[in-house]
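Listed below, chain by chain, are the residues.
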Amino acid sequence: MKNYVPAIYQKTIFDINYKKLHKNGIKCLLFDLDNTLVAAHSYEPDKKVINLLKKLNKEFKVIIISNSSRKRLEKINSLFNVSYYSFSLKPLKRNFKKVIKDYQFTKEEIVLIGDQFITDILGGYRMGIKTILVDPLSNDLPCTKLNRFLEGKIINRLGKKNLFFKGKYYE
Ligand SMILES: [Mg+2]
C-alpha cells in the first residue's frame, strides 16, 4: 500500500511549502490540471492560481502533466503560459519519462502535485518521483467517479494500516 502514500498532503496548492521544496533541491514542479489547478468542469482557473503559477515558474520549472485532451490544455494554458503534456495516461510512465528526457532533470529534482491516488500518487510512485496530494477542488466528471470509488477503498485500507487519513494534513 506504500505506493499510494504521498510524501506530503495539504488541503490546497496554496498550503504547500514551496520554499522548503526549493531548499530541498526540487527544481521542477509537475502539476496535475483537473481538480488540482482548475475545477474539472471549468475553463476558468482562479486568478490566485494563475498568479501562484506565474510566481512559481520563476523559481522552478513548472509543467502541467494532465490526462485531459490537448484542446482543453491548450485553452487553459493560454492563461498559465507554462509547459504542458496532455493525454498523459497517468499512472503510465510515458510522459514522466518525456519530462526527464526533455528537460534533463533527475527524479530527485522533480515533485508531482495532484488530487488523485490512482493517477497522480501511483504514477509518481511508479516513476520514483516524490508526490504531493491535495484535496480535489470540485466534484468529479463522470469519468473520474470510478477512480474515486476505488480511491475510497484505498483510503480505507491506508487508514487501517495507519498510513493515511483524509483531512489529516502533513508536510
Ligand atoms: Mg486531477
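See the structure above.
The following paragraphs examine the structure supplied in this document. (Residues numbered from 1 in each chain as written. Predicted model: local features only at pLDDT ≥ 70, side-chain atom pairs only at ≥ 80, totals over all residues.)

**Comments concerning the nonpolar core**
Nonpolar side chains tend to gather and get buried jointly when the protein is soluble and globular.
Next up, step 1: With 36 residues, the main nonpolar core has L30, F31, L33, I63, I64, V111 and I113 as its most contacted residues.
Next up, step 2: Among residues more than four places away in sequence, those in contact with I64 are F31, L33, L73, N77, V82 and Y84. (Core = buried A, V, L, I, M, F, W, Y, C linked by C-beta atoms within 7 Å. Buried ≥ 20, exposed ≤ 12 C-beta atoms within 10 Å, placed from the backbone. Contact = placed C-beta atoms within 7 Å.)

**A closer look at the sheet that holds strand β5 (residues 110-114)**
Next up, step 1: Read across the open sheet, the 6 strands follow the order β1-β6-β5-β2-β3-β4; overall the sheet is parallel. Strands at the two margins of the open sheet, each flanked by one partner only, are β1 (8-10) and β4 (83-85). Here the strands of the sheet are splayed against their neighbours by 20° on average, with no regard to which way each runs.
Next up, step 2: Across 4 bridges, strand β2 (residues 28-31) lies against β5 in parallel orientation. Each residue of the ladder has a partner; that of F31, found in β5, is I113. (Pairing = 2+ DSSP bridges. Helix = DSSP H or I, 4+ residues; strand = E, 2+ residues; numbered from the N terminus. Axes fitted to C-alpha atoms, helices over the stretch in contact; angles between N-to-C directions.)

**Some remarks on the packing of helix α5 (residues 117-127) against helix α6 (residues 142-160)**
Next up, step 1: Their axes nearest at 10 Å, the elements α5 and α6 cross at an angle of 60°. Comparing their axes, α6 and α5 come out oblique. Every residue of α6 that contacts α5 at F117, I118 and T119 is listed here: N147, L150, E151 and I154.
Next up, step 2: When the residues that make up the contact of α5 with α6 are grouped by side-chain class, the tally is 4 nonpolar, 2 polar and 1 charged. (Parallel < 35°, antiparallel > 145°, perpendicular 65-115°, else oblique. Nonpolar A, V, L, I, M, F, W, Y, C, P; charged D, E, K, R; others polar.)

**Some words on the environment of L158**
Next up, step 1: With respect to the helices and strands, L158 occurs in helix α6.
Next up, step 2: For L158, a count of 18 C-beta atoms within 10 Å corresponds to the partly exposed category.
Next up, step 3: Residues in contact with L158, not counting those within four places in the same chain, are M1, Y4, V5, L163 and F164.

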